[in-house]
Amino acid sequence: MSFFSKLKDRLTRSSSKIGQGLDDIVGEAPEVAPRTGTERAEPAPEPPAPTSVPQPAPDEKLQPAPTPAQQPQPERTGLVGRLFGRDNAPAEPRRELDDAMLEELEDMLIAADLGVDTALRVVSNIAEGRLGRKVSSSELKGWLAAEIERIMAPVARPLPLYPKKPQVVLVVGVNGSGKTTTIGKLASQFRAAGKSVVIAAGDTFRAAAVEQLQVWGDRAGVPVMKAAEGSDPASLAYDAMTRAEAESADLLMIDTAGRLQNRADLMEELAKIVRVIRKKDPSAPHNTLLVLDATTGQNALSQVETFRKLADVSGLVMTKLDGTARGGVLVALADKFGLPIHAIGVGEQIDDLDAFEPGDFARALVGA
Ligand SMILES: Nc1nc2c(ncn2[C@@H]2O[C@H](COP(=O)(O)OP(=O)(O)OP(=O)(O)O)[C@@H](O)[C@H]2O)c(=O)[nH]1
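Residues numbered from 1 in each chain as written. Predicted model: local features only at pLDDT ≥ 70, side-chain atom pairs only at ≥ 80, totals over all residues. Heavy atoms only, no water.

As for helix α10 (residues 263–280)
Given a rise of 1.5 Å per residue, 18 residues ought to cover 26 Å, and the 26 Å separating the end C-alpha atoms of α10 matches this to within 8%. If you check which residues of α10 are buried, you get L266, E269, L270, I273, V274, V276 and I277. In this fold, the buried residues of α10 make contact with β3 (167–172), α9 (233–246), β6 (251–255) and α11 (299–310). (Helix = DSSP H or I, 4+ residues; strand = E, 2+ residues; numbered from the N terminus. Expected span 1.5 Å × (residues − 1). Buried < 20%, exposed > 50% of the residue type's maximum accessible area, 1.4 Å probe, protein only. Contact = heavy atoms within 4.5 Å.)

Observations concerning the site of the ligand
Around the ligand sit 18 residues in total, of which G176, T180, T181, R206 and E348 are the nearest. A distance of 2.9 Å separates an oxygen atom of the ligand from a polar backbone atom of K179. Surface burial for the ligand is 80%, taken as the share of its 640 Å² of free accessible area covered by protein chains. For the shell around the ligand, the element with the most residues is helix α7 (residues 179–192), which contributes four residues. Looking at the shell around the ligand residue by residue, the classes come out as three nonpolar, nine polar and six charged. (Near = heavy atom within 4 Å. Polar contact = N/O pair within 3.5 Å; in protein donor to acceptor, adjacent residues only side chain to side chain. Areas by Shrake-Rupley, 256 points an atom, 1.4 Å probe, with all protein chains shown as cover. Nonpolar A, V, L, I, M, F, W, Y, C, P; charged D, E, K, R; others polar.)

What to know about the pattern of salt bridges
The final tally for this structure, using the stated rule, is 18 salt bridges. A salt bridge links K280 to E245, with the shortest nitrogen-to-oxygen separation between them at 3.3 Å. Of the two residues, K280 sits in helix α10 while E245 sits in helix α9, which places them 35 residues apart along the sequence. The partner of E269 in a salt bridge is R259, and the shortest N-O contact between them spans 3.9 Å. You can see E269 sitting in helix α10 and its partner R259 sitting in the loop between β6 and α10, a full ten residues away along the chain. On the accessibility criterion, E269 (16% relative accessible area) is buried. By relative accessible area, R259 is classed as partly exposed at 25%. A single salt-bridge network, built from bridges that share partners, covers D203, R206, R259 and E269. (Salt bridge = Lys/Arg side-chain N within 4 Å of Asp/Glu carboxyl O.)

What about the confidence of the model for the protein?
With 82% of its residues at a pLDDT of 70 or more, the protein shows a mean pLDDT of 83. Segment residues 31–86 is flagged for pLDDT under 50; beyond a separation of four residues in sequence, or across chains, it makes 71 contacts in the model. (pLDDT = per-residue confidence, 0-100.)

Some points on the nonpolar core
By size, the foremost hydrophobic cluster in this structure holds 87 residues, and its most contacted members are M152, L330, I344 and F361. Apart from the residues lying within four places of it in its own chain, the contact partners of M152 are L330, V331, A334, I341, F356, P358 and F361. Counting 22 residues, the second largest nonpolar core, distinct from the first, contains A187, L213, L251 and L289. (Core = buried A, V, L, I, M, F, W, Y, C linked by side-chain atoms within 4.5 Å.)

Quick word on the pairing of strand β4 (residues 197–200)
Burial along β4 is two-sided: the face carrying V197 and I199 and the face carrying V198 and A200 are both buried. Relative to β6, β4 is paired through four bridges, and the arrangement is parallel. Each residue of the ladder has a partner; that of A200, found in β6, is I254. Sheet topology note: the β4/strand β5 (residues 224–225) ladder contains two bridges and is parallel. Looking across to β5, one finds that A200 is bridged to M225. (Pairing = 2+ DSSP bridges.)

Details of unusual backbone geometry
For the bond from K165 to P166, the omega torsion is -10°, close enough to zero to count as cis. Structurally, the position occupied by P166 is in the loop between α6 (137–152) and β3. With an omega of -5°, the peptide bond running from A284 to P285 counts as cis. Relative to the elements of secondary structure, P285 occurs in the loop between α10 and β7 (287–293). Although it is not a glycine, S248 sits at a positive phi angle of roughly 50°. Residue placement: S248 occurs in the loop between α9 and β6. A relative accessible area of 45% places S248 in the partly exposed class. Positive phi values are uncommon outside glycine, yet K320 reaches one of about 60°.

Right, here's the structure in full:
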């Protein structure tokens with residue numbers, strides 16, 4: 001199954017929240033516009049965007065996505081047919097885009113975790129030049145997907161790989177956000193791409209976390225460096241760096257603790273890891289990935305703020321987009337911080353993590 005198919009299948013809780021929300025808003029129209037042939041002409045409803053072909057970003061933010069030539073067109077009724085009421089195309093409910101509808105849209109997007117600022121901006125962009133028009137739910141989905149894609153396109157960047165070996169990736173995030181799983185999935189994928197990888201189990205205070213990492217390491221065929229329980233994570237990171245250099249490994253991934261209860265300690269622990277690996281390579285770590293759990297919704301925003309103070313976060317990975325109705329928070333994150341989103345996770349299996357593709361994500365999120 002392609003990752004996009006998985007994304008569409010598994011983002012259903014978020015997409016049904018937004019997609020169903022739009023259907024409900026349009027369905028609440030005081031009247032369903034009958035096709036009389038005398039009303040103001042409206043553009044034909046857009047067919048859903050094709051799912052298999054990535055769409056170019058629309059040139060102009062307010063234009064509906066271009067209709068691909070091969071897509072079946074909704075039947076257009078000729079003038080005579082309309083005059084004689086022979087319009088057999090099923091009429092989609094339409095509702096006039098007015099202030100009340102915009103407010104409902106805004107509330108729905110806020111409830112879907114896009115956050116107040118982002119929801120306001122998205123809604124005002126959708127409204128621009130369209131007030132007073134009778135719009136359908138599928139048109140709204142198309143415009144919303146285009147707006148979301150526009151916000152997310154600048155932050156969709158795969159994990160950058162530099163020529164430096166070993167490339168050090170420090171992985172930070174609160175406990176349970178999916179750090180271990182993300183490291184395991186990335187390690188497997190890099191191995192499959194022919195790269196050699198070393199993992200350091202830097203959360204030395206939690207035996208369960210170390211064990212879990214070992215399971216992933218075994219699965220991926222990647223060595224996992226461990227240290228005695230409670231020992232200094234920085235000294236483990238240094239040893240792991242030594243081993244990665246000796247083995248000419250392409251990548252060293254360092255797991256870290258995620259206890260936010262004592263921020264000063266955690267900050268010192270992360271800073272010390274960075275200090276010791278810089279003794280071996282002043283340009284390390286080359287990436288500092290913050291792993292966020294989508295199910296925490298708006299809380300992910302404060303986690304970014306906190307971890308940016310604790311570490312020099314260079315990019316984000318969002319996990320658990322499956323099984324949550326809060327996937328909209330990724331749009332809020334992109335809009336607020338502009339940090340690169342390197343990958344998203346939609347399950348617990350190795351291939352349930354993939355690069356972030358904004359068009360696919362936007363369409364899956366709104367159910368377009
Ligand atoms: N459904 C789903 N579950 C995930 C995903 N990523 C991780 N998980 C699960 O989330 C739980 C926590 O993931 P971990 O990788 O252990 O998280 P961690 O940040 O390393 O947490 P600690 O080990 O407590 O530090 C595990 O049960 C994972 O299987 C995902 O994308 N989707």
